[in-house]
Amino acid sequence: MIFHDFNLRGRSLQSDSQIINEASRLGWNHLNLVYDLNSFKNFNYKDDLIENIPNNLTLDFTLELNPNEIRKNLTKFRKKVKLISVLGGDTKINRLTCENRFVDILSRPYFKRYDSGLNHILVKEAIKNNVAIELCFNDILKSYSSYRSKILSNFRDTIKLYKKYEFSLIVSSRAESLFDIRSPRDMISVFKSLGLNEKDIENVFHNYPKNMVDFANQRGKMVVLGVKEIDKS
């Protein structure tokens, strides 16, 4: 199985290179570097980064928008980046993101909440619009006591919804430095304890991320969702 980590925080050439090399050493096969809007506007070292990645690794890039940036920047950057993620948490943002086919990922719908931020209506909209839901391991890693318990509870609730409705669920590290990265085996062990079985693990760490990349690669040929132009040459 090819292991995908869809959320490593991009900052600078040096920091990104360190994260990439450590993730490769730990056994990840495909990485997705995620940049906030300001970092993405100053992302001028892409070629240098790609040139020096390990041979056993593939790499993609994502723009993450926060709730205040969506209306002004979603359409503007849609054709400039392969994947777009929206930071969730706010009830209205979670809903708008799940309803928006121009967004690829709703990240952390539970952010600063006391529940998962999802319900059966939202996940059905996410399925309809091909929006993936992202859980971030770093939220467990960097939380303590009652807050960690709440995060774990939110993850379990999300997994219960996933079991029932089978939306695209991805699990990422959201590592901000090489010290935040854990191996696929470590993360799989944690999420098995939260309710994922072997088939689910293959989906969230491989199948769903791969499908998202494949869909993003075909986006430019899409006439409408699910219908694409065929090259006649």
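Residues numbered from 1 in each chain as written. Predicted model: local features only at pLDDT ≥ 70, side-chain atom pairs only at ≥ 80, totals over all residues. Heavy atoms only, no water.

(A) Quick peek at the environment of F191. Among the structural elements, F191 can be located in helix α9 (residues 184-193). The class of F191 is buried, set by a relative accessible area of 0%. (Helix = DSSP H or I, 4+ residues; strand = E, 2+ residues; numbered from the N terminus. Buried < 20%, exposed > 50% of the residue type's maximum accessible area, 1.4 Å probe, protein only.)

(B) Main features of the sheet that holds strand β4 (residues 83-87). Taking strand neighbours across the sheet as the criterion, the 7 strands line up as β1-β2-β3-β4-β5-β6-β7 in an open arrangement whose pairing is parallel. A single partner strand is all that each edge strand has here, and the edge strands are β1 (4-9) and β7 (169-172). Recorded for the sheet is a direction-independent mean angle of 30 degrees between the axes of neighbouring strands. Direction of pairing for strand β3 (residues 58-65) relative to β4: parallel, over a ladder of 4 bridges. Pairing of L63 across the sheet is with I84, part of β4. Against the sheet, helix α4 (residues 70-77) touches β3 and β4, its axis set at about 150 degrees to β3. (Pairing = 2+ DSSP bridges. Axes fitted to C-alpha atoms, helices over the stretch in contact; angles between N-to-C directions. Contact = heavy atoms within 4.5 Å.)

(C) Focus on the environment of R219. Within the fold, R219 resides in the loop between α10 (198-218) and β8 (222-224). Judged by its relative accessible area of 18%, R219 is buried. Placed 150 residues apart in sequence, R219 and E69 show a C-alpha to C-alpha distance of 22 Å. Apart from residues no more than four positions distant in its own chain, R219 is found in contact with R78, K82, R101, F102 and D104.

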